[in-house]
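Results of the structural survey
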Amino acid sequence: LYVKKLKMTNMILVNSILLNLLKGVPYDAAKEDLKQNGIALDIDRPMLVFVAEIDSYSDKNNYHGRYLAMLKIEEVFHRYLSEKFICNYASDNEQTMIWILQSQDAHDNKGLLYCKQTLEVIQDVALDTMDISLSIVYEDFIPYESLSATYRSEYAVLVQLRMQGARQVLANTAFYA
């Protein structure tokens, strides 16, 4: 039980640090937070950030069930992307999921096409195995200095899609610029 609580506490800590990065923590403070807490994210290297949202879930009023569904989706993302990417996950509410990825190979920043194709597979897996429709918004690799603005832009597109009633969308913010 103690190990389980410790793991949950660490998840909450990592989540809060990543959310702070998305809000635009200055470079030096971000680098220190990541180092102190052993988070595998090198802000000196390009990164991918994308946001996802559960469009439809069988029991929308069951927050515990939705949270468990988000954890299952996180596992699917990790299973499909962790071979080529270092994956960092955060959530800012009961439906929005955020990933910050970096290539496992420090010299390979051309993984966007692979990532996009894998995101399509992840959407299909979520729909076929969990009956969860998932929309995902992404952009190309960015430097740390662009992380906050990119996240805000992606989130705005996600909200726009939600308001339009769109489901199971995989969108690049460049399409909405």
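Residues numbered from 1 in each chain as written. Predicted model: local features only at pLDDT ≥ 70, side-chain atom pairs only at ≥ 80, totals over all residues. Heavy atoms only, no water.

Brief notes about the packing of helix α3 (residues 63-81) against helix α4 (residues 112-130)
- In the contact formed by α3 and α4, the axes pass within 10 Å of each other and the chain directions differ by 140 degrees. Accordingly, the angle class assigned to the pair α3 and α4 is oblique. In the packing of α3 onto α4, the handedness of the crossing is right-handed. Each of Lys-72, Ile-73, Val-76, Phe-77, Tyr-80 and Leu-81 in α3 lies in contact with α4, whose residues at this interface are Tyr-114, Cys-115, Thr-118, Leu-119, Val-121, Ile-122, Val-125 and Met-130. (Axes fitted to C-alpha atoms, helices over the stretch in contact; angles between N-to-C directions. Helix = DSSP H or I, 4+ residues; strand = E, 2+ residues; numbered from the N terminus. Parallel < 35°, antiparallel > 145°, perpendicular 65-115°, else oblique. Left-handed = near helix turned anticlockwise from the far one by under 90°. Contact = heavy atoms within 4.5 Å.)

A closer look at the pattern of salt bridges
- For the structure shown, the criterion picks out three salt bridges.
- Here Glu-53 and Arg-162 are joined by a salt bridge, their closest N and O atoms 2.7 Å apart. Taken together, the positions of Glu-53 in strand β1 (residues 48-56) and Arg-162 in helix α5 (residues 147-163) put the pair 109 residues apart, joining distant regions of the chain.
- Since its relative accessible area comes to 3%, Glu-53 is described here as buried.
- Taking the relative accessible area as the measure of exposure, Arg-162 reaches 33% and is therefore partly exposed.
- Of the charged contacts, one joins Glu-120 and Lys-116 as a salt bridge, the two residues approaching to 2.9 Å between their closest N and O atoms. (Salt bridge = Lys/Arg side-chain N within 4 Å of Asp/Glu carboxyl O. Buried < 20%, exposed > 50% of the residue type's maximum accessible area, 1.4 Å probe, protein only.)

Some details on the layout of surface pockets
- Each pocket or cavity is described by its volume, and for the largest pocket that value is around 880 Å³.
- Taken together, 30 residues form the lining of the largest pocket, with Lys-7, Met-11, Leu-71, Glu-74 and Tyr-89 sitting closest to its centre.
- Secondary structure elements with two or more residues in the lining of the largest pocket: α1 (2-23), α3 and β2 (85-91).
- By residue class, the composition of the lining of the largest pocket is 16 nonpolar, eight polar and six charged. (1 Å grid on protein atoms, 1.4 Å probe; cavity = no way out; pocket = protein on both sides within 12 Å on 5 of 7 lines; lining within 4 Å. Points joined across faces, edges and corners; volume = space filled by probe spheres on them. Nonpolar A, V, L, I, M, F, W, Y, C, P; charged D, E, K, R; others polar.)

Regarding the nonpolar core
- Ranked by size, the top nonpolar core spans 29 residues in total, and within it Leu-21, Leu-41 and Leu-147 carry the most contacts.
- Those elements giving two or more residues to this core turn out to be α1, α2 (27-36), β1, β3 (96-103) and α5.
- Among the elements that make up this core, the one with the highest residue count is α1 (six residues).
- With near-sequence residues (within four places) excluded, Leu-21 lies in contact with Ala-30, Leu-34, Leu-41, Tyr-144, Leu-147 and Ser-148. (Core = buried A, V, L, I, M, F, W, Y, C linked by side-chain atoms within 4.5 Å.)

Structural notes on the pairing of β3
- Counting buried positions along β3 yields eight of eight residues, so the element is predominantly enclosed.
- Going residue by residue along β3, you find Thr-96, Ile-98, Ile-100 and Gln-102 tucked away on one face and Met-97, Trp-99, Leu-101 and Ser-103 tucked away on the opposite face as well.
- As defined by bridge partners, β2 adjoins β3 across seven bridges and the pair is classed as antiparallel. Pairing of Phe-85 across the sheet is with Ser-103, part of β3.
- Between β2 and β3, which pair antiparallel and follow one another directly, the connecting turn spans four residues. (Pairing = 2+ DSSP bridges.)

Note that all results are geometric; they support no functional claim without further evidence.
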